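Chain by chain, the residues run as shown.
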Amino acid sequence: MTAPPVLQPVILNILSVDDDEIDRLRLSKLCRKAGMKAEFFEAANLEEMRQQLEIEQFDLVFLDHNLGMDTGLDALKILLTHEEQVQAVPIMLTSMTNYQIAVEAMRRGCADYIVKEELSADTLIKSIASAIERRALYGQLSSARASEKELRRIFKRFIVGCGPDLRLLLSRTLAGVRMIKTQARQDDTVPSAILSDVSLLERSCKDLVVFMDDLDSVISDTREITAKANPSLLQ
């Protein structure tokens, strides 16, 4: 029997953006203590961070909030707008007095945050697991929203492009069906099979009309929701 292939451990690329060399070293040691197989990179400021982002693709990026004249929020913006780092998971490092900063970082797209005073191998593992899970969920939600938006666009194009002609055709078909059914009541020579097909055609036409009305309602409701969320679109 052929021996099963040996799976190599995944090696993560980790970037620490922190102006304190001791804190960067501590984070590196904790990553190893947590059992992570990783290549560890460092940046003391935003300029060094930009240089690292151009050289490597990162899986995890730890951003210290205090970066001298700059902040972790500035670093977060650079990371999130970098086209080659879309897979990178950002985690903010804050102090106990900066919870509001952590909340703001999460609002701006940070995957998680860790309070420096509580930093340990255990909190590191929990934060990374939570950040990766949250990033995956955001990705699924973004994909679902994109699919929903595309579906609405197709519905709208159908209603605007084909709706009027199709409604006219359905109206004429229903009028013809009614004439045939009226004639059938007066003339017993119409075969029952044909009469059954005519009734089926009538029901199908009515279902199509209802379906188009439903599409109209969906598109109208979407416009109202979008307008409430974005009042400027009403202008």
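Look above for the structure.
Note that this is a predicted model, so its numbers are computed, not measured.

Draft legend 1. Representation of the environment of Asp112. Note that Asp112 resides in strand S7 (residues 112-115). Once the C-alpha coordinates of Asp112 and Arg134 are considered, the two residues, 22 residues apart in sequence, prove to be 8.3 Å apart. Within the structure, Asp112 has its side chain in polar contact with the side chain of Ser127 (distance 2.9 Å).

Draft legend 2. Examining the pattern of salt bridges more closely. Within this structure, the stated rule accounts for seven salt bridges. Where Lys116 meets Asp23, a salt bridge forms, and the shortest distance between an N and an O atom there is 2.7 Å. With Lys116 in the loop between S7 and helix H5 (121-161) and Asp23 in helix H1 (residues 21-33), the pair connects residues that are 93 residues apart, well separated along the chain. Assessed through its relative accessible area of 24%, Asp23 is described here as partly exposed. Bridged by salt links that share partners, the residues Asp18, Asp23, Asp64 and Lys116 form one connected network.

Draft legend 3. Main features of the nonpolar core. Ranked by internal contacts, the top residues of the largest apolar core, which has 20 residues, are Leu15, Val17, Met49, Leu53, Val61 and Leu63. Mapped onto this core, the elements with two or more residues apiece are strand S1 (12-17), strand S2 (38-43), helix H2 (46-55), strand S3 (60-64) and helix H3 (72-80). Of all the elements, H3 adds the most residues to this core, at five residues. Residue contacts for Val17: discarding those within four places in its chain leaves Ala43, Asn45, Met49, Val61, Phe62, Leu63, Asp64 and Leu67.

Rules and cut-offs
- Residues numbered from 1 in each chain as written.
- Predicted model: local features only at pLDDT ≥ 70, side-chain atom pairs only at ≥ 80, totals over all residues.
- Heavy atoms only, no water.
- Helix = DSSP H or I, 4+ residues; strand = E, 2+ residues; numbered from the N terminus.
- Polar contact = N/O pair within 3.5 Å; in protein donor to acceptor, adjacent residues only side chain to side chain.
- Salt bridge = Lys/Arg side-chain N within 4 Å of Asp/Glu carboxyl O.
- Buried < 20%, exposed > 50% of the residue type's maximum accessible area, 1.4 Å probe, protein only.
- Core = buried A, V, L, I, M, F, W, Y, C linked by side-chain atoms within 4.5 Å.
- Contact = heavy atoms within 4.5 Å.

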